[in-house]
Amino acid sequence: MITLKTKLSYGLGALGKDYACAIVYIFLMYYFTDVLGLAPAFVGTLFLVARMWDAINDPAMGMLVDNTRSKWGKFRPWILIGTILNAITVVGMFTKPEAFSGTKLYIYISIMYILWGMTYTIMDIPFWSMIPSLSSDKKEREEIAVVPRIFASLAWLSLGSFGLPLIAFLGAGNESRGFSLLSMGIAVVFILTTIVTVRNVKEQVVSKKNAEKINLKSAFRLILKNDQLVALIGTILMFNLMSQISGGVAIYYFKYVVGMEKLFSVFTGFSGLAEISALLAFPMLSRKIGRKKVFFLGCGLPVIGFLMLFISGVIAPTNLILVAASGIVAKLGSGLTLGISTVMLADVVDYGEFKFGSRNESVIFSVQTLLVKSASAISGWLIGMGLSLVGYTPNIAQGASSILGIKYLMIVFPILLSIFGYVIYKKYYKLNDEYYDEVMNAIDTKRSLEV
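Computed from a predicted model, the values in this text were never measured in an experiment.

### Topic: the overall build of the chain
At step 1: Of regular secondary structure, the chain possesses 15 helices and zero strands.
At step 2: For 451 residues, the compact-globule formula gives about 22 Å, and the C-alpha radius of gyration of the chain, at 21 Å, lands near that figure.
At step 3: C-alpha extents for the chain along the principal axes are approximately 70 × 50 × 40 Å.
At step 4: For the chain, the proportion of its 451 residues judged to be buried stands at 58%.
At step 5: By sequence separation, contacts in the chain at least 24 residues apart represent 86% of the contacts at least 6 residues apart.
At step 6: For the chain, the exposed area adds up to about 18000 Å²; of that, 69% sits on carbon and sulfur atoms.
At step 7: Charged side chains of the chain number 40 positive and 27 negative; the gap between the two group centres comes to 2 Å.

See the structure below:
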């Protein structure tokens, strides 16, 4: 039985971790283009190129974690090391050296962003990889999985709602300084909350097969030959792209299309509350109606929410109630998919043990980190290149082509991606209900023979 102290300690780690993550995913594109004045096409290309390295870096980190043997377990040492390094790079990325401009600034930003991606990997993969090792009970795992997601959503909610006003307050008219000071505060919170997690959250489920070390080739084999993981990769990628594209372009949408930047905080704030509500409801809904129906809701609600935002933009673009309602409906779905995809990854770890005879939590969860960053890179590239192609220029009124391009990125793309995600899940993912129970029964039988 997992204690409340353990759950809350795990959740606090997610809070600090996602503050450091949210400032990047919510504001980095805007900070690079509108504050530092970097070319959108360059920024989008940087996001994409940096992630190509992660295709090797992330599975390699998963392999390294799975091969770790220490008195602190295999997850916690890397969580602490990665947190300290990532906190430093977050501050560096949002702090512009006074002497840097032109080419020097472009080089500096490129180096810091690549380092951010690498250090994020060191911390994020072992953090989420702990879930399968905390409990093997299906219901308890569902309850555990939503706790860090709820705390993470609180970070996104508060930063999305109050980030811009806080930046303005801290900067006192200097937006660059505001971003720098905010990143420093987040770095401190990040390190302190991670210390709580590392002290109080410990592994409970360990397979004897973990003693067998793997190499990079084996890590890729474990990923590519796990058919349920491959199916889940396609599904999670669609959801992350939906979230990253809509989240990344939202500030442009409300600033330039709607013409009321303050609505960004309204949309983000109510969206965040809805996401947390959905995460809280996920374990109960999963028990009541089953994961398949929960997944359908998770895919269908964002479609409805973004259609509502489109209608709102036509009939009353500055109406607070309509904007808030659109965000609520869209993020109720996103909250459900966040909860269920985390549990599904943990189930895929069990399936890997069933199919290959070993538990490789970190290799499998490295896929989640890679997908989040890949979605960020692809969405950043699409936004950056899209804005450049439609003639976007920062801090001026936009032309008709720019406004249309932003609308497509904010509304049409997320709708299509949510539909594609459901199609992939429906066709290829089978670890539900009876089949998953068969897998767990087979694993339990095999473990009993090992004792």
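### Digging into unusual backbone geometry
At step 1: If you check the backbone angles, A172 has positive phi at about 50° while not being a glycine.
At step 2: Along the chain, A172 falls in the loop between α6 (138–171) and α7 (175–200).

### Re helix α14 (residues 400–428)
At step 1: For α14, spanning 29 residues, the distance from its first C-alpha to its last is 41 Å, which sits close to the expected 42 Å at 1.5 Å a residue.
At step 2: Residue Y408 marks the point of greatest curvature in α14, where the axis turns by about 35°.
At step 3: Among the residues making up α14, those that are buried are S402, G405, I406, L409, M410, I411, P414, I415, L417, S418, G421 and Y425.

### Points about helix α9 (residues 227–257)
Because an α-helix packs 3.6 residues into every turn, residues spaced three or four apart end up facing the same way.
At step 1: In this model α9 runs 43 Å from its N-terminal to its C-terminal C-alpha over 31 residues, within 8% of the 45 Å that 1.5 Å per residue would give.
At step 2: Most pronounced at V249, the bend in α9 amounts to some 40°.
At step 3: Within α9, 26 of the 31 residues are buried, leaving the element largely enclosed by the surrounding structure.
At step 4: Immediately beyond the C-terminal end of α9, within one or two residues, lies G259, with a positive phi of roughly 85°.

### Details of the nonpolar core
Grouped burial of nonpolar side chains is what soluble globular proteins tend to show.
At step 1: Ranked by internal contacts, the top residues of the largest apolar core, which has 136 residues, are F32, Y252 and F254.
At step 2: If we skip the residues at most four places from it in the chain, F32 touches G37, L38, V43, F47, M93 and I109.

Conventions we followed
- Residues numbered from 1 in each chain as written.
- Predicted model: local features only at pLDDT ≥ 70, side-chain atom pairs only at ≥ 80, totals over all residues.
- Heavy atoms only, no water.
- Helix = DSSP H or I, 4+ residues; strand = E, 2+ residues; numbered from the N terminus.
- Rg over C-alpha atoms; globule rule 2.2 N^0.38 Å.
- Buried < 20%, exposed > 50% of the residue type's maximum accessible area, 1.4 Å probe, protein only.
- Contact = heavy atoms within 4.5 Å.
- Areas by Shrake-Rupley, 256 points an atom, 1.4 Å probe, with all protein chains shown as cover.
- Lys, Arg positive; Asp, Glu negative; His and termini not counted.
- Charge placed at Lys NZ, Arg CZ, Asp CG, Glu CD.
- Expected span 1.5 Å × (residues − 1).
- Bend = angle between axes of the 7 residues up to and from the residue.
- Core = buried A, V, L, I, M, F, W, Y, C linked by side-chain atoms within 4.5 Å.

Just geometry here; none of it tells us what the structure is for.
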